[in-house]
Structure formats: structure tokens, C-alpha cells
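One-letter residues, chain by chain:
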Amino acid sequence: MDRIRIIGGNKLHGTIPISGAKNAALPLMIAALLTDETLILDNVPRLADVALLQRILGNHGVDIMAAGKRPGDHEYQGQTLHISAKNIIDTTAPYELVSKMRASFWVVAPLLARMHEAKVSLPGGCAIGTRPVDLLIMALEKLGAEISIDGGYVIAKAPGGLKGATIEFPKVTVSGTHVALMAATLAKGSTIISNAACEPEIADVADCLNKMGAKITGAGTPRILIEGVAKLHGARHTVLPDRIETGTYAMAVAMTGGEVQLSGARPELLQAALDVLAQAGATITPNNDGIKVSRNGAGISPVTVTTAPFPGFPTDLQAQLMALMTRAKGASHITETIFENRFMHVQELARFGAKISLDGETATIDGVSQLRGAPVMATDLRASVSLVIAALAAEGETMVNRIYHLDRGFERLEEKLSACGATIERISG
Ligand SMILES: CC(=O)N[C@H]1[C@@H](OP(=O)(O)OP(=O)(O)OC[C@H]2O[C@@H](n3ccc(=O)[nH]c3=O)[C@H](O)[C@@H]2O)O[C@H](CO)[C@@H](O)[C@@H]1O
Ligand SMILES: C=C(OP(=O)(O)O)C(=O)O
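Parameters at a glance
In every chain, residue numbers begin from 1 and rise along the written sequence. As a convention, the first chain written is A and the first ligand written is 1, with the rest following in written order. Only residues with pLDDT of at least 70 are given local features in this predicted model, and only at 80 or more are side-chain atom pairs given and counted; all residues enter the totals for whole chains, interfaces and linings. To obtain the side-chain values, all non-hydrogen atoms of the structure were included, while hydrogens and water were left out. Helix and strand definitions here come from DSSP, where helices need a minimum of 4 consecutive H or I residues and strands a minimum of 2 consecutive E residues; each element is numbered from the N-terminal end. Radius of gyration here uses only the C-alpha atoms, and the compact-globule reference equals 2.2 Å multiplied by the residue count raised to the power 0.38. Remark: exposure states derive from per-residue accessible area (1.4 Å probe, protein chains only) relative to the maximum for the residue type, with buried under 20%, exposed over 50%, and partly exposed in between. Contacts are assigned to residue pairs that have any heavy atoms within 4.5 Å of one another. All accessibility values rest on the Shrake-Rupley procedure with a 1.4 Å probe; residue burial counts only the protein chains present in the view. For this analysis, a salt bridge means a side-chain nitrogen from Lys or Arg found within 4 Å of a carboxyl oxygen belonging to Asp or Glu. When DSSP finds at least two bridges between two strands, those strands are taken to pair. Each axis is a line fitted through C-alpha atoms, taken for helices only over the stretch in contact, and angles between the N-to-C directions span 0 to 180 degrees. Residues are classed as near a molecule or strand on a simple rule: at least one heavy atom within 4 Å of it. Two N or O atoms count as a polar contact when they lie within 3.5 Å, although within protein this holds only if one can serve as hydrogen donor and the other as acceptor, and sequence-adjacent residues are included solely when both atoms are side-chain atoms. Buriedness for pockets is judged along seven lines, at least five of which must meet protein on both sides within 12 Å for an open set on the 1 Å grid over protein atoms alone, while cavities are sets there where a 1.4 Å probe fits but cannot get out, and lining residues have an atom within 4 Å of a point. Each molecule is assigned to a cavity or pocket provided more than half of its atoms lie within 2 Å of the corresponding grid points. Grid points are joined across faces, edges and corners, and a volume is the space filled by probe spheres set on the points. Any residue outside Ala, Val, Leu, Ile, Met, Phe, Trp, Tyr, Cys, Pro, Asp, Glu, Lys and Arg is labelled polar, Gly included; the first ten of those are nonpolar and the last four are charged. All domain edges in this entry derive from an automatic or database-based domain assignment. The rule for a disulfide is simple: a pair of cysteine sulfur atoms within 2.5 Å.

## Comments concerning the overall build of the chain
Secondary structure summary: the chain contains 14 helices and 24 strands in total. Relative to the compact-globule value of 22 Å for 429 residues, the chain shows a C-alpha radius of gyration of 21 Å, a close match. The buried share of the chain, reckoned over its 429 residues, is 57%. Here the analysis covers contacts within the chain between residues at least 6 apart in sequence; of these, 75% occur between residues at least 24 apart. Counting every atom, the chain has about 16000 Å² of accessible surface; 50% of that belongs to carbon and sulfur.

Structural data, given as C-alpha cells:
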């Protein structure tokens, strides 16, 4: 099993190119199931989750061609995928594949919308809470699907096709919104999704669906309107930059000090997180090429933050912020409201000498002047990278074990950080 070895203490200086967003690339690839024509996606990150989804789509009969690099392409250029779901040969998504990645469950929506049937294993994914799919099932039932659960599989049928409906989510759900949106594009009549998730990845998927011939308005707001169409066609779409990767590297720079240009980043995708970083003492400068982040001289100030759906502070940056706050001058408070068990990093951060106490959904972090490197274990994707952030500032050596979590969502992490002066290497085997 690969590990990452880090010797902390170096400031970060240089440029980090921001990859395409994992959480947009995955639903965009899934949306290709809605049409028998080719969907071309540019700027798809090279990640374990993307590779796994390629296998899952392949199992349904989808052909995927990954275009190589052209001369002059930047070495970090995302890949271009040509995805063709001309013939769907199997509407079952098996346990062996779906259990490894939660988002793969979302294939239920396009399969049902286009093939009028789907049998999809209940999902797995990061251990950050119970993560039920009741609201996704509710949305599909509203659209006229008959759904049963048998042997760990969701079996969905819509013999006459889906029908437009009003779907009101009792709580904001990204997965529920993606599923409702994709399913409604091919439903007969119009659909209203209210209390929809406003995450930028939803709007990115809706943009792509509209290029494919869907009639969607309001994506990115809590009320989305979809006028169903009989057929979708091929299109070409570029995956938006990863706001969580952006925020993660911004926090790494705030942690170590130094100055880094986050190339290709879009500040409006993570304004709440950038505001918190500025409060913590980092200097954030949006520019033509992305965002410059620096922290020179000044220490880290404590903050009080509560995670919330977009445009609030993202839960996917909570662990990274906690790592940063371990070295703040005073006590910080971080409240997690989205996932009930997203504090797996707390016990691992303690191995560096961090002082964190938990009370229900709130963590209190008493900043310490110095962290010390330690052997630690990655537990889930964002928790893993919070350990990397701590290690970059810790005295001495850290060994991060079980880094397959990191490979799910961070493209060439060690290369990007070492190019900015970090002492970080992957140890294979
Ligand atoms: C691949 C992807 O895009 N993953 C993101 C997505 O996850 P995901 O789409 O799974 O997250 P949701 O927004 O759906 O979940 C939000 C909350 O709603 C609950 N819930 C959800 C569905 C349901 O049927 N019933 C229910 O109770 C969840 O348990 C959670 O407490 O949004 C999360 C919240 O921004 C992010 O942390 C994940 O990185
Ligand atoms: C929790 C995440 O992913 P997933 O929803 O795929 O588990 C994440 O991206 O932080």
C-alpha cells in the first residue's frame, strides 16, 4: 500500500495548477448515459474515482476514449474523455463497483430516464456519516418511478417513462438534486425542484445538460425548472475548476506561510472559505490567472466557522481548516452541520500534538505553537489531506498511511506540493 512521507517546515512558494472538479466530473460522466450520442468532457481530473466510474460506465456498455496530450499541452492538463452510451447493454450497477464510490449510485437516474429501468446497489463511499439515499428515492418516486429494495439493490422501474413533477427537498441535498435534475430532463412535462442544492457543480452539470438539448433554468438557485424533452444529443463541455482542491492548497499555504498562485482557480466558487482564510491571517488576491494566496510574517488567527450548503463554508474543507487552526494563536470553534460523523481526523491530528476537543457537532481547537511529525492514517478523502496540511508545518517526519483515499480526489498532490518547495514523496508498495 502506498504511503506519503513528508518532512515539515518548508514554506510554499510557486504555482499550483487547479484541476477539474471531481464532484462535477463524476455527475457529468454519468449524464452521458442520457444520450446515444457522444459527450466530450474536457478538463477531467486524473483521479481514482474517475477511473472507477469509467469501469462502472463500461459495465453498462458505455465506450470511453481518453484523448492523449497534444504537443504544447501543459503537463497538468486534465484529460478529455469521449463518452458514448450508444448501446446500453446492462442496466444493473453491481455491488462490487458501486460500494466503492457513493456517486456511482447516481447512474440510477439516467438509466431510469432513458431505459425506464435500473438496478443499482446501495452505495458505499467515505465513512463520514450514515448517508442514506431516501431523498433520492423520494425524488424518483415523485417522477413516477416504482421503487423497491431487494438484496441490497434499489430496483427502479418506470414502464411508461418518467413524468414531470414538483419535488420539494426537506433538506438540501447535492446527490438528491443531481439525481432529480438528470431524471427530469427526459421526463414528460415539467418539473420543479425546490430547496435544490446551489453548489456550483449542480450548475455546471445543468449547463452541460442544456448543451445536450435539455431545458433547465434556475440551476445554481434553490428553485430549478426543467421542461422535459424526448431526447438529448451529444455536446462538448469543460469541467469547472475544483473549489475544494483550491481551498485545500490555500489552507496549506496559510499553514506553512509563503506565497502560491493557484492557477485556474475561480474565487467566486469558494468565497466563504476565502473570507475565513483572510480572517485567519492569509492574504487572498484574485487575479487574471486565478488566486494568489500568501501569509508572510503574521501568525494564524483563530476563527469560528459552521459548515453549510453553498454558498456557506463547505463541509469538504472542514478537516483542512481544522488542521490549519491547530496552530492558531488561540481557540477556534468549528461546527459540522452536514455530516454527523465527519471528525475522523480529530484523533489523527492529535498525533501531531494538536489539542482538539469534541462536543457534539462542535470541535474546539486550542492552537499550539508547534506540531511534531508522526505516523498517521488517512481515514477519508478530506481527512487525509488535512493530515498532509498538518505534516507540512510539523517539525520532523510524518508518514501518512492508507493514502488511497487521497488518490480518490487529489490529482498529483505530491508533485504539486513538491514543485512549491515541500519535502514530500510517495513511497510505493
Ligand atoms: C460526489 C459529491 O458530489 N459528493 C459531495 C456531495 O455528497 P452528497 O451528494 O452525498 O451529499 P448530500 O448533499 O446529498 O448530503 C447532505 C446531507 O443530506 C443527507 N441526505 C442525503 C441524501 C438523502 O437521500 N438523504 C439524506 O438524509 C446526507 O446524509 C447529508 O447529511 O455533497 C456533499 C455536501 O456538500 C459533499 O460533502 C460531497 O463531497
Ligand atoms: C465526501 C466526498 O466524496 P463522496 O461524496 O464521493 O464520498 C468528498 O468529495 O469530500
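Back to the text.
## A look at the pattern of salt bridges
Evaluated as defined, the whole model comprises 18 salt bridges. The residue D49 makes a salt bridge to R408 at a minimum N-O spacing of 2.9 Å. Residue D49 is located in helix α2 (residues 48-59), and its partner R408 is located in helix α13 (residues 404-409); the two are separated by 359 residues in the primary sequence. Looking at D49, the relative accessible area reads 2%, which means it is buried. With a closest N to O distance of 2.7 Å, E414 and R426 form a salt bridge. On the criterion of sequence distance, the pair formed by E414 in helix α14 (residues 413-418) and R426 in strand β24 (residues 423-427) is long-range, its members being 12 residues apart. Relative accessible area serves as the criterion here: at 14%, E414 is assigned to the buried category. What makes R426 partly exposed here is its relative accessible area of 27%. Through salt bridges with shared partners, a single network forms among D2, D407, E414 and R426.

## Side note on the sheet that holds β24
Taken in spatial order, the four strands line up as β22-β23-β1-β24 in an open sheet, and their pairing is mixed. Each edge of the sheet is formed by a strand with only one pairing partner; in this case those strands are β22 (375-377) and β24. Direction aside, neighbouring strands of the sheet carry axes that sit 20° apart on average. Of the pairings in the sheet, the one linking strand β1 (residues 3-7) to strand β23 (residues 397-401) comprises four bridges and is antiparallel in character. Bridge assignment links R5 to a residue of β23, and that residue is M399. Strands β1, β22, β23 and β24 of the sheet are contacted by helix α12 (residues 381-393), whose axis makes an angle of about 30° with β1.

## Observations concerning the site of ligand 2
Close to ligand 2 lie 10 residues, the nearest being K22, R131, R342, R382 and R408. A distance of 3.1 Å is found between an oxygen atom of ligand 2 and a side-chain nitrogen or oxygen belonging to R342. A distance of 2.9 Å is found between an oxygen atom of ligand 2 and a side-chain nitrogen or oxygen belonging to R408. Within the complex, the protein chains bury 92% of what would otherwise be the 290 Å² of accessible surface of ligand 2. Judged by the fraction of its atoms near the pocket grid, ligand 2 is located in the largest pocket.

## Let's talk about empty space enclosed by the protein
In total, this model carries one cavity of 30 Å³ or more according to the counting rule given. As for the largest cavity, its lining consists of R243, L269, L270, Q271, A272, F310, P311, G312 and P314.

## What about the pairing of strand β7 (residues 117-121)?
Two elements, strand β6 (residues 92-93) and β7, share two bridges in a ladder whose sense is parallel. Within β7, the residue paired with A93 across the bridge is V120. Inspection of the sheet shows β7 paired to strand β9 (residues 153-157) by five bridges, in the antiparallel sense. Note that in β9 the partner of K119 across the bridge is I155.

## Digging into the sheet that holds strand β10 (residues 166-168)
Pairing is mixed in the open sheet, where four strands are placed in the order β10-β11-β13-β12. Whereas interior strands pair on both sides, the edge strands pair on one side only; in this sheet they are β10 and β12 (215-217). Within this sheet the neighbouring strands show an average axis-to-axis angle of 15°, counted without direction. Alignment of β12 against strand β13 (residues 223-227), held across three bridges, turns out to be antiparallel. Along β13, the bridge assignment pairs I216 with I226. Against the sheet, helix α6 (residues 174-185) engages β10, β11 (190-194), β12 and β13, with an angle of about 20° to β13.

## Examining the site of ligand 1
Near ligand 1 there are 20 residues, and of these D134, V174, S175, D316 and I338 occur at the shortest range. Here an oxygen atom of ligand 1 sits 2.7 Å away from a polar atom, N or O, in the main chain of V174. Relative to its unbound accessible area of 740 Å², ligand 1 is 90% covered by the protein chains. In this structure the site holding ligand 1 corresponds to the largest pocket. For the shell around ligand 1, the elements supplying multiple residues, two or more each, are α5 (134-142) and α6. Looking at which element gives the most residues to the shell around ligand 1, the answer is α5, with three residues. Looking at the shell around ligand 1, its residues break down into 10 nonpolar, four polar and six charged. Built from parts of two domains, the shell around ligand 1 gets at least three residues from each of domain 1 (3-19 + 241-427) and domain 2 (22-238).

## Description of the state of the cysteines
The tally for this structure, following the rule as stated, stands at zero disulfides. Not part of a disulfide, C198 finds its nearest cysteine sulfur in C208, a span of 20 Å. Judged by its relative accessible area of 15%, C198 falls in the buried class.

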